[in-house]
Amino acid sequence: MRKLFRNIVRQVNIVRGLPEEVELEPTNYCNLSCPLCIAGRDFQEDPLGLIEDENYSRLVRELVGRVYRLSFSGRGEPTLHPNLFQYIGEAHNLGINTLLNTNANTFDDSRVQEAIKSGLDRIHIGLDGLTQTTYERFRRGGNVNRVFNTLERLSAHKKNGAPYVLVIFNLNRYNQNELVQLSDLAGEYPAIDKIQVVMTSVPGVYTDQDYQSLLHEFIPDDSRYIDGGLLTPNKRCGDYKRAFVTWNGGLRRCWNDTQGTTNLGNVFQGGFFNVWGTFNTIATKKEVRQKKLDICGTCVQSVPFMSRVIYKR
Ligand SMILES: C[S@@+](CC[C@H](N)C(=O)[O-])C[C@H]1O[C@@H](n2cnc3c(N)ncnc32)[C@H](O)[C@@H]1O
Ligand code: SF4
């Protein structure tokens, strides 16, 4: 039923030129300093902050019946916003499907229960290593046991299949040998619905020298994973279906736009659909899909995005 609804919204939105999904950044603060993330490396030119309740409520009410999903992600850690699960509950009660991208380092038992009670539909958890040593190479400042504890609590409290739990494993040179054990996680934590391996990429914002040394440090050198190996390249970007809104209301074509060069306007001042109207063409969406914007050159997905699902319930 949900799939049918989603397909209808997708087809209608293509014709109307609306996004299928809005990605909202509740905050651009982060508790970790992942070395290859534009949030972790302070590449952002925007001030740091948190979305305000009033702005959120106005935005979510505008989206009702017009977009399928509201996802909470962006250039920071969404769970650092104290009202996050209240926001998710508000969207859920208005019939909007919700998704949360998180590093899962901030959950205690009551926060996991709060997440479940909010009606959250999907949670995507970044787990880039099975031991503290491999995990913290990318998730600098993070603690892998906090992620495992979150998976355990989700397994204890999850009800009627919600939220759908996707574990994302960013493959890098330090954790490449752990791939063989990765699917065992699903046996240990029954809450897990899917495990997906994604190639870690180096954003092109670095100077040539740093870029080369980071490539050498992080990109897997095991040929089983690259170019026709385990991971399948996807030359297209999926973000043409999405709109990205910063914590302070900037509507951009992609979360990777650190400097706001693709800013279309401020949705808190102009209203989401008024601002979105300027981007309402099939041609502009095609530019994103085919990675033809200037910002695509420095994106972490500027190399063909590679991924593979290694477990699905
Ligand atoms: C920017 S984070 C924001 C949400 C949250 N803080 C998290 O880590 O999931 C969104 C996603 O981008 C991914 N990401 C960040 N830098 C990346 C890189 N250089 N290569 C591949 N994925 C990256 C993260 O692993 C995460 O799954
Ligand atoms: S990947 Fe997520 S946790 Fe890591 S620095 Fe970026 S926003 Fe923070």
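Just above, that's the structure.
Quick caveat, the model's predicted, so the values are computed rather than measured.

Trainee: Could you clarify how one ought to interpret the overall build of the protein in this entry?
Mentor: Counting its regular elements, the protein contains twelve helices and eleven strands. The C-alpha atoms of the protein give 19 Å as radius of gyration, which agrees with the globular expectation for 313 residues (20 Å, within 12%). By its C-alpha atoms, the protein is 50 × 45 × 35 Å across when sized along the principal axes. Counting across all 313 residues of the protein, residues that qualify as buried make up 40%. Residue pairs in contact within the protein that sit at least 24 positions apart in sequence constitute 75% of those at least 6 positions apart.

Trainee: Looking at this model, I keep getting lost on the environment of R253. Mind explaining?
Mentor: Relative to the assigned elements, R253 resides in the loop between β9 (250-252) and β10 (265-266). Taking the number of C-beta atoms within 10 Å as the measure of exposure, R253 has 23 and is therefore buried. Separated by 23 residues in the primary sequence, R253 and W276 have C-alpha atoms spaced 9.8 Å apart.

Trainee: Honestly, the nonpolar core in this entry has me stumped. Any pointers?
Mentor: General note: in soluble globular proteins, nonpolar side chains tend to be found buried as a group. Within the largest apolar cluster, 61 residues are counted, with the highest numbers of intra-cluster contacts made by L63 and L70. Top contributing element to this core by residue count: helix α3 (residues 84-93), with five residues. C30, C37, A39 and F138 belong to the second largest nonpolar core, which has seven residues in total.

Trainee: Would you mind going over the packing of helix α4 (residues 109-117) against helix α6 (residues 144-157) with me for this structure?
Mentor: Two measures define how a pair of helices packs: the angle their axes make with one another and the distance between the axes. In the contact formed by α4 and α6, the axes pass within 10 Å of each other and the chain directions differ by 50°. By the angle between their axes, α4 is oblique relative to α6. In the packing of α4 onto α6, the handedness of the crossing is right-handed. Of the residues in α6, those touching α4 at D109, V112, Q113 and I116 are T150, R153, L154 and H157. Split into classes, the residues belonging to the contact of α4 with α6 amount to three nonpolar, three polar and two charged.

Trainee: Please explain unusual backbone geometry as it appears in this structure.
Mentor: With an omega of 0°, the peptide bond running from A162 to P163 counts as cis. A positive phi angle, near 55°, is found at A104, a position not held by glycine. Within the fold, A104 resides in the loop between β3 (97-102) and α4. Residue A104 is classed as buried on the basis of its C-beta count, with 26 C-beta atoms lying within 10 Å.

Definitions and limits used
- Residues numbered from 1 in each chain as written.
- Chains lettered and ligands numbered in written order.
- Predicted model: local features only at pLDDT ≥ 70, side-chain atom pairs only at ≥ 80, totals over all residues.
- Helix = DSSP H or I, 4+ residues; strand = E, 2+ residues; numbered from the N terminus.
- Rg over C-alpha atoms; globule rule 2.2 N^0.38 Å.
- Buried ≥ 20, exposed ≤ 12 C-beta atoms within 10 Å, placed from the backbone.
- Contact = placed C-beta atoms within 7 Å.
- Core = buried A, V, L, I, M, F, W, Y, C linked by C-beta atoms within 7 Å.
- Axes fitted to C-alpha atoms, helices over the stretch in contact; angles between N-to-C directions.
- Parallel < 35°, antiparallel > 145°, perpendicular 65-115°, else oblique.
- Left-handed = near helix turned anticlockwise from the far one by under 90°.
- Nonpolar A, V, L, I, M, F, W, Y, C, P; charged D, E, K, R; others polar.

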